[in-house]
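Given next are the chains, with one letter for each unit.
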Amino acid sequence: TDQREDILLGEQQFGLFEGTDWGSGEIDELFPRELAYYRKAARFGGRFWAKVPLGESRFDVTVRCKLFFGTLHRDAARHGITNLVIVSHGVTIRAFMLAWLHLTTEWFEVERNPSNASVRVIDSACDLGYICGDSTEQADRDLLLSDATGDVRV
């Protein structure tokens, strides 16, 4: 079997928030203005479109995934590849699915990140769902990026 790594399938870049403890209030302490700006952008246009300060939006990750499709099609044509296993991070997996299956940004917003080591099967253009694991891990980040009252999930 052949293994390859592609930079286009990397995790979402979290810019200023990279490496911070999402649940500890550290981002609020270190970057209160930037977090307020991100939350405002997310409330206005949705989290899919909102860019993390000095980082990427989920839209940006989806564009990277779409760029990767060219590699998939070329490898399939040149080498007769018909089955693939793609290993990546939650937002990237969801962005890949959104683009590959022509789903909507509304789907993306309600679909949770998969738990670690989850396995989801896509057969051609059909999502067969998770065969191992589930999609519950995103709750902590959703809570952090909501407003102070917790009422607004963006």
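A. Quick peek at the confidence of the model for the protein chain. In the predicted model, the protein chain carries a mean pLDDT of 85, and the fraction of residues at 70 or more is 86%. Counting interchain partners and residues more than four positions distant, the pLDDT-below-50 stretch residues 136–141 has 15 contacts. Counted against residues more than four places away or in other chains, residues 147–154, with its pLDDT under 50, gives twelve contacts.

B. Representation of the environment of Asp123. Within the secondary structure layout, Asp123 lies in strand β1 (residues 119–123). Asp123 sits 40 residues away from Asn83 along the chain, and the two C-alpha atoms are 9.1 Å apart.

C. Representation of helix α4 (residues 90–100). A large share of α4 lies buried, amounting to ten of its eleven residues. By the burial criterion, the buried members of α4 are Gly90, Val91, Thr92, Ile93, Arg94, Ala95, Phe96, Met97, Leu98 and Ala99. Of the residues trailing α4, His102 is marked for its positive phi of about 55 degrees.

D. The arrangement of the packing of aromatic side chains in detail. Counting across every chain of the model gives nine aromatic pairs. Arranged with centres 6.1 Å apart and planes meeting at 45 degrees, the rings of Phe17 and Phe31 form a pair that is tilted. Of the two residues, Phe17 sits in the segment before α1 (26–30) while Phe31 sits in the loop between α1 and α2 (32–45), which places them 14 residues apart along the sequence. Residue Phe31 is classed as buried on the basis of its relative accessible area of 18%. Measuring from centroid to centroid gives 6.4 Å for Phe48 and Phe59, while their planes differ by 75 degrees, and the two rings are edge-to-face. Of the two residues, Phe48 is situated in the loop between α2 and α3 (58–79) and Phe59 in helix α3; the sequence distance between them amounts to eleven residues. Residue classification places Phe48 among the buried residues on the basis of a relative accessible area of 3%.

E. Structural context of the side chain of Thr62. As for its position among the elements, Thr62 is in helix α3. If sequence neighbours within four positions are ignored, Thr62 has contacts with Phe48, Ala95, Leu98 and Ala99.

F. Focus on the nonpolar core. With 18 residues, the main nonpolar core has Phe68, Phe96 and Phe108 as its most contacted residues. Contributions of two or more residues to this core are made by α3, α4 and α5 (105–110). Contacts of Phe68, omitting those with residues within four sequence positions, involve Asp6, Leu8, Leu9, Ile86 and Phe96. By size, the runner-up hydrophobic cluster in this structure holds ten residues, among which are Phe17, Ile27, Phe31 and Leu35.

G. Structural detail: the pattern of salt bridges. Taken as a whole and assessed by the stated rule, the structure comprises six salt bridges. Among the ionic pairs, Asp28 bridges to Arg39, the shortest N-O distance being 3.9 Å. With a gap of eleven residues between them, Asp28 in helix α1 and Arg39 in helix α2 connect regions that are remote in the sequence. Residue classification places Arg39 among the buried positions, given a relative accessible area of 12%. Its salt-bridge partner being Arg120, residue Asp127 comes within 2.7 Å of it at the nearest N-O pair. Note on Asp127: relative accessible area 31%, which makes it partly exposed. One salt-bridge network, in which partners are shared between bridges, spans Glu111, Arg120 and Asp127.

Quick notes on the rules
Residues numbered from 1 in each chain as written. Predicted model: local features only at pLDDT ≥ 70, side-chain atom pairs only at ≥ 80, totals over all residues. Heavy atoms only, no water. pLDDT = per-residue confidence, 0-100. Contact = heavy atoms within 4.5 Å. Helix = DSSP H or I, 4+ residues; strand = E, 2+ residues; numbered from the N terminus. Buried < 20%, exposed > 50% of the residue type's maximum accessible area, 1.4 Å probe, protein only. Phe/Tyr/Trp six-rings, centres within 6.5 Å; stacked < 30°, edge-to-face > 60°. Core = buried A, V, L, I, M, F, W, Y, C linked by side-chain atoms within 4.5 Å. Salt bridge = Lys/Arg side-chain N within 4 Å of Asp/Glu carboxyl O.

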